[in-house]
Amino acid sequence: TLDVEASPYDATGYGVGIVPIETNEGRKIYRERQISLMREAEPVRERLADAYDGFMRLAFEEELLGGHFSSDGSAGGGSNAAPPYVAPERLAKAQPGGLPWRKNLIES
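Predicted, not measured: the structure shown is a model, and the values here were computed from it. (Residues numbered from 1 in each chain as written. Predicted model: local features only at pLDDT ≥ 70, side-chain atom pairs only at ≥ 80, totals over all residues. Heavy atoms only, no water.)

1. Side note on the overall build of the chain
- Regarding its fold elements, the chain presents 2 helices and 0 strands.
- Counting the 108 residues in the chain, one finds 15% classified as buried.
- A fraction of 22% describes how many contacts in the chain between residues 6 or more apart in sequence connect residues 24 or more apart.
- Accessible area of the chain: about 8,600 Å², with a carbon and sulfur share of 57%. (Helix = DSSP H or I, 4+ residues; strand = E, 2+ residues; numbered from the N terminus. Buried < 20%, exposed > 50% of the residue type's maximum accessible area, 1.4 Å probe, protein only. Contact = heavy atoms within 4.5 Å. Areas by Shrake-Rupley, 256 points an atom, 1.4 Å probe, with all protein chains shown as cover.)

Right, dumping it as structure tokens:
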């Protein structure tokens, strides 16, 4: 609802508030709430990444994963295994008020 509250439309009839992002105070409120939302969502993102890794281990043979997982199921693979391909989007880091996530990729 935060994005709706910050939009130029009056959605108060739907029970949402207003975040006046055209003012410094409004941008501060938006940023603080966005940071709070990111922190609240972090455990969900971690569980989703773990579930994805579990799915990949179950769905694909070890050779296709490029040694991404060791025999005990942990990430890493053997010492002779080539590092797996990791899409740059997985290493994106977003910051409220910062660059769009695609322009804010973490250098590897």
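2. A short note on the environment of Glu5
- Relative to the elements of secondary structure, Glu5 occurs in helix 1 (residues 2-6).
- For the pair Glu5 and Gly17, spaced 12 residues apart in sequence, the C-alpha to C-alpha distance is 5.5 Å.
- In this view, Glu5 contacts Val16, Gly17, Ile18, Val19 and Arg33; residues no more than four positions away in its chain are not counted.
- A polar contact is formed between the side chain of Glu5 and the side chain of Arg33, at a distance of 2.5 Å. (Polar contact = N/O pair within 3.5 Å; in protein donor to acceptor, adjacent residues only side chain to side chain.)

3. Here's the deal with the pattern of salt bridges
- The full count for this structure, using the stated rule, is 2 salt bridges.
- Measuring nitrogen to oxygen at the nearest pair gives 2.6 Å for the salt bridge that ties Glu42 to Arg45. Note that Glu42 and Arg45 are positioned in helix 2 (residues 24-59) at a spacing of 3 residues, about one turn of the helix.
- Given the relative accessible area of 39%, Arg45 is considered partly exposed. (Salt bridge = Lys/Arg side-chain N within 4 Å of Asp/Glu carboxyl O.)

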